[in-house]
Every structure is written in structure tokens, then in C-alpha cells.
Amino acid sequence: MSEDIPSHDVIIIGAGLSGIYSVVSMRRLGLRARVLERGGNVGGVWYWNRYPGARFDSESYTYGFSFSQEVLDEWEWKEHYSAQPETIKYINFVVDKLGVRDDFQFNTEVQSAHYQEASRTWLVTDTKGNTYTSRFLINALGPLTTPQLPNIPGVKDYKGTAYHTSRWPHTPITFEGKRVGVIGTGATGIQTIQEVAKTADELFVFQRTPNWTAPMRNSEISKQEMKEIQNNYPQIFHRCRQSPMGFQYYPDKRKALEVPKEVREQFWEELYVQRGLVKWLGNFHDIFIDQEANDLISAWMADKVRQRVNDPVLAEKLIPTDHGFGTRRVPLESNYYELYNQSNVKLVDLRDTPIEQITKTGIKTAGVDKEYPLDVLIYATGFDAITGSYEQIDYRGLNGKKLADKWKDGPKTYLGLTVEGFPNMFNVLGPHQGSGNIPRSIEYAVQWVTRCIKYCQDHGYTYFCPDKAGETLWTDHVLKCTEGLLSTKVNSWMTGYNSNKLTKSERTVIRYSGSLVEFRRRCDEVADKGYPHIDFA
Ligand code: N01
């Protein structure tokens, strides 16, 4: 193939929700698009994360795609919070319904993507040495893609069965009669622990930092209820669109500190019995910015833990002390605290007794002579989030500049969607881009990308690239959005903190933490005004 005629108009990396909607949109523009995907099928995060208990923690009908009326009319959600097996069915249903399955190429891991200045194309190479060229490149890598193992000595020595939750086998795994260890108590660990505790002979939870978590209150959706949801889709998506995080929930306009104690606590009781993330996102707005207000809700939530765990010493170990409620992502649970009342579940508090070593047969912690022998060891240790997946690919832009070098002190982007020095390249849900309720943000980002490509088509442009000034303005805005938020003072993947990486474990601003309404307003304004700070040719 001549260098001037690329093999494709658009190469999309990743077959998760971002890649799926991207390819549908490119097809609608009449472009030749191909999705390269490392996994064996579509689904992205839902393809890989098959661990027991994996499910949505936003309502199924606010998480699904909104762009296809056909899909909205035909797909019926079974539960308010869909479990992974149903979700992966849904994703496959969408791909087949919209007739794009042939546009995906599976088992194809991209190794490098180099911009070719002479031809204004991207040259993409996979790990088998195959090459692809395209005018545009869409990175649909997903924010939680690259699994992170703990940097504990001996990880490679363990001879029992070990899984990272994000690389779970496709065959059923049983825990009956087994001693199972889980390292990690983030959203994934909490979901896994709830499921494994039902059948394991013994379950050891290795907890370094307790997390705040709140009741999910999942239930089935009846046929009648689903009909009502379908009739209400326009209102549901409108509510999501107007809210700061893309969910159905709006922070309460009152301040926790201004209402009388009885009113405040009555409100919290009402939230606690409701379904879903409302306990976090529908709370008083000052709990996110005022330490005193946050201390109040944290103390109230801590009492809920104490009421649910029989052993008062154990209850205290499950209550976070290093961060306030809602300053990290709040996982949702179903009887999580009660399972610590079961005789087969033991909490190992790593703050008292840190893991010294993973041995051939189990885990050895400080302060105990013997190890914890394990048949199965589950790493629920999270991800090298957001930028981690970009680091897996050798991206080179103008003058051969490496993206890794450009981002070594933290990401820099224009609108989170484009990067100075990397022409004809888009990031969907990359760093500095609004996320919140992820599919809602994917839809917006892909629509913005599609509009920009259409603009190129309409004007006969074969090149676009944001300028330095635009990137500086955006990066400053992203930094400004973090000011005053209590969450920015807390270590988590959301603040770019990664304790398992030998380099760069400091907090960095990798997310857009402003309101999604404001994010979209700014991005729309750029497109409406003919893309200031983006050069076209
Ligand atoms: O990852 P995490 P996750 N030694 O980084 C521990 C989304 N999600 O996969 O806090 C010992 O939150 C670590 O301990 P610490 C959701 O956005 C959504 O759970 O660093 N422990 C922590 O407990 C979520 O926020 C759903 O001290 C170690 C855990 O591992 C995001 O995914 C479901 C360790 C990692 O927690 C990531 O969640 C699940 C070590 N060396 C996830 N290293 C939905 O429901 C790490 N840990 C849609």
C-alpha cells in the first residue's frame, strides 16, 4: 500500500464502549474504520473484569448507550445494577444490532503508533509485526485497563492458583472447600469479597486501607417497570446530562453545616435506605469541599459500620481514618459489613501486620510466625489508571516526539480530547477529560470527535493539531478545577497515585474534576467557534 493512501481512514484502538461507539460513528460518516483489540471479543473493561460479583454500580438504564433508539427499545435490563454476564450480553447485542462486528479485529495488541509527517497518516504496528495506516487515530483505551500487581516480594513465587480480578478466566471458578485470600478492598475487592465469602471455606481479606462503601440495594426489574423506564428514557438521559457527574443525582443545595443536626441526620437516614450512589452524589454539597462537613458525614457513616459489625474492634478496622466519606470513589455493597460476622471470613489488617512476602503457598505478614496458607490468591489491586494504558504503546508525534516524554511530569492535553504535537489523534476518555458516569461521557467525547472529523471532511483537511497555547489554557483549567476539593488531598487512582509503581507514585492531576456540564460547554464552544487553538491544513 502506498504511504499516501492509508489502509484505513480511522484506526481505533480498543473495543470497549468507546471503541464501539467510535466505529459506529465513523461508519455513519462513511469512513473505513477498523478497531484493533487485544482481547478476544468486544466489551473492554466488561470483557476483562469477569471476577465474581462484578456488576454496575450506576443504574443499568443510566449506564447503557443512549444514542440508538433501536437498542433502547429492544434491550431489557434485568436488574437495577446489571451483573457482568448480562452486561457483556448487552454489549454484544449492541454490536450485532448495529451491524459493526466485522469492523473489529481481536487478539491484536498495538505496540506502537507513529505519526508520519509526509503522508499525514498514522502508522500503527501490532505485537505480531502487522502494520496499519490511517488518516486519524482514535485511542479508546479505557481508563481502567492496565492491571496492577502489588509490588510485594514473592508475587512470582506463589505456586497456588492466582488471579488478578481484571484477568479473570472465562471458565467458572469455585471456592468451596478452599482457603482464599483477597488483597485489596477497593470497589473491585469489595465486590469480589462479597461473592467469595458465600462459598469459600476460609476467606482472608488483606486490607491495607479501608474504604467507605454504601448499600447498593439492587433488585430485579419487572417487565412493567422496564416498560416505564423505556418510556422515561428521554427524561432519564436529560437528568444525567444536566447533572455534574452524569448520573441521575444532584448534590443537595443545602450545607450540612447549616441545617440542624436532626434535619441533617434524618436526611442521611433517608439517603441510606435509597438505591445507589445517591448517598454519595446526592449528599449535601459541602461534604466535598468543607472538612468540617465531611467529618460529620464520615462520623455518621462510621456509626452505620459499627451497627452492622458485631465485633467492635473489627468494626473500627473497617472504618477509614485516612480519608473522609466521598473523597474516594464510593463502592456500593450488599451485606458487605455483615459478612465479617461470618466465621469463615477473617480480616487481616495490613496496617498492623504488613505483608512481608508472598510465599510458594500463601502470604506471610509481619507479626505472625506462620504464613496464611492459601489455595487461591486473588489480586484486587486495581489498575495503572488512565495514563497506564498510554504507557503500554510507543506513541510518537511530530518530529518523532514520544508521548511518554511529553507526559512524564503529568499529562497535558487540549480539552482532554487532543494533544499538542500529536496531529490527527483523539483520546476518548483519556486524561483531563470529563468522565463521571462513563458511558455518558464516552457518548459526548465520540460525538465531539465525529464532529471534528466531519469538519475536516467538509473542508478537505487532512491534518489537524492543537497548539501549545490551547493546551496550556486547558491544562491550567483542569488544575484549577481541583482547587478546594477534599478528594484532591487523598491518595487514589483518581489522583494519579500508584503505590505499586517504582517511578511516579506522586499524586498528579490526571482527571477532569469540574462539572461535566461545564466540560461539555467548553468543548462545544470550541467546536461552535471553528476550533480555536487547533490548526487545520
Ligand atoms: O482498584 P483500587 P479497584 N498491598 O485502586 C489495594 C472502578 N470499578 O479495582 O488503598 C496491599 O480502587 C489498595 O490499597 P490502598 C471504580 O471506578 C467500578 O478496586 O492503596 N494492598 C486498594 O484497596 C474503582 O474506583 C466497578 O492502601 C494493595 C486496592 O488494592 C476503580 O474501578 C467495580 C496493594 C485497589 O483498589 C478501581 O477499583 C469495580 C499492595 N501492594 C471497580 N496495592 C463498578 O461497579 C494495591 N492494594 C462499575
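In what follows, the accompanying structure is described. Everything numeric here is computed off the predicted structure, so don't read it as measured data.

1. Here's the deal with the overall build of the protein
Scanning the protein from N- to C-terminus turns up 16 helices and 20 strands. In terms of overall dimensions, the protein has C-alpha extents of about 70 × 55 × 45 Å along its principal axes. Pairs at least 24 residues apart make up 73% of the contacts formed inside the protein by residues separated by at least 6 positions. Split by element, the accessible area of the protein, about 22300 Å² in all, is 50% carbon and sulfur. When the 64 basic and 66 acidic side-chain charges of the protein are each reduced to a single mean position, those positions are 2 Å apart.

2. Here we look at the nonpolar core
Ranked by internal contacts, the top residues of the largest apolar core, which has 70 residues, are Ile12, Met26, Trp77, Phe104, Tyr233, Phe426 and Trp448. For this core, the leading source of residues is helix H14 (residues 438-459), giving nine residues. Those residues within four positions of Tyr233 in sequence are excluded, and the remaining contacts are Tyr61, Leu72, Trp77 and Met226.

3. A closer look at the pairing of strand E4 (residues 110-116)
Where burial is concerned, most of E4 is hidden: five out of the seven residues are buried. Between E4 and strand E5 (residues 121-126), which follow one another and run antiparallel, lie four residues, and Arg120 among them has a positive phi close to 55°. Summarising the sheet, E4 and strand E17 (residues 394-396) pair through three bridges and their orientation is parallel. Along E17, the bridge assignment pairs His114 with Arg396.

4. Quick word on the layout of surface pockets
Of the pockets and cavities examined, the second largest pocket occupies roughly 520 Å³. As for the second largest pocket, its lining consists of 27 residues, and the residues nearest its centre are Pro52, Gly53, Arg55, Glu195 and Lys198. Of all the secondary-structure elements, those providing two or more residues to the lining of the second largest pocket are helix H5 (84-97), helix H6 (187-196) and strand E11 (332-333). Tallied by class, residues from the lining of the second largest pocket come to eleven nonpolar, ten polar and six charged.

5. Details of the sheet that holds strand E8 (residues 179-183)
Taken in spatial order, the five strands make up an open sheet running E7-E16-E8-E9-E12, and their pairing is parallel. Among the strands making up the open sheet, the edge pair consists of strand E7 (161-164) and strand E12 (345-349). The average angle at which neighbouring strand axes cross in this sheet is 15°, direction not considered. Where strand E9 (residues 202-207) and E12 come together, five bridges link them in parallel fashion. Bridge assignment links Phe204 to a residue of E12, and that residue is Lys346. Here H6 sits on the sheet and contacts E8, E9 and strand E16 (376-379); the angle it forms with E9, its principal contact strand, is near 165°.

6. Quick notes on the pairing of E16
Burial along E16 is two-sided: the face carrying Val376 and Ile378 and the face carrying Leu377 and Tyr379 are both buried. With four bridges joining them, E7 and E16 adopt parallel strand pairing. Bridging from a neighbouring strand, Tyr163 pairs with Ile378 of E16.

What counts, and where the lines are drawn
- Here the residue numbering is sequential within each chain, running from 1 through the sequence in written order.
- Reporting of local features is limited, given that this is a predicted model, to residues whose pLDDT is at least 70; pairs of side-chain atoms are given and counted only at 80 or more, and all residues count toward the totals for whole chains, interfaces and linings.
- With hydrogens and water excluded, all non-hydrogen atoms of the structure serve as input to the side-chain values.
- What counts as a helix is a DSSP run of H or I of at least four residues, what counts as a strand is a run of E of at least two, and both are numbered from the N terminus.
- Any two residues whose heavy atoms approach within 4.5 Å at even a single point are treated as in contact.
- Here the open area of atoms and residues is found with the Shrake-Rupley method and a 1.4 Å probe, where only the protein chains shown may cover a residue.
- Here the positive residues are Lys and Arg and the negative ones are Asp and Glu; neither His nor the chain ends is included.
- All charge positions are set by atom: Lys at NZ, Arg at CZ, Asp at CG, Glu at CD.
- For this analysis, a nonpolar core means a set of buried residues of the types Ala, Val, Leu, Ile, Met, Phe, Trp, Tyr and Cys, connected via side-chain atoms within 4.5 Å.
- Exposure categories follow from relative accessible area, calculated using a 1.4 Å probe and restricted to protein chains: below 20% of the type maximum is buried, above 50% is exposed, and the middle band is partly exposed.
- A pair of strands is considered paired only if DSSP assigns at least 2 bridges between the two.
- We place a 1 Å grid over just the protein atoms. Points where a 1.4 Å probe fits but has no way out form a cavity, open points with protein on both sides within 12 Å along at least 5 of 7 lines form a pocket, and any residue with an atom within 4 Å of a point lines it.
- Grid points are joined across faces, edges and corners, and a volume is the space filled by probe spheres set on the points.
- The nonpolar class holds Ala, Val, Leu, Ile, Met, Phe, Trp, Tyr, Cys and Pro. Asp, Glu, Lys and Arg form the charged class, and all remaining residues, Gly among them, are polar.
- In this description, a line fitted to the C-alpha atoms serves as the axis of each element, helices being fitted only across the stretch in contact, and the angle between N-to-C directions of two axes falls anywhere from 0 to 180 degrees.

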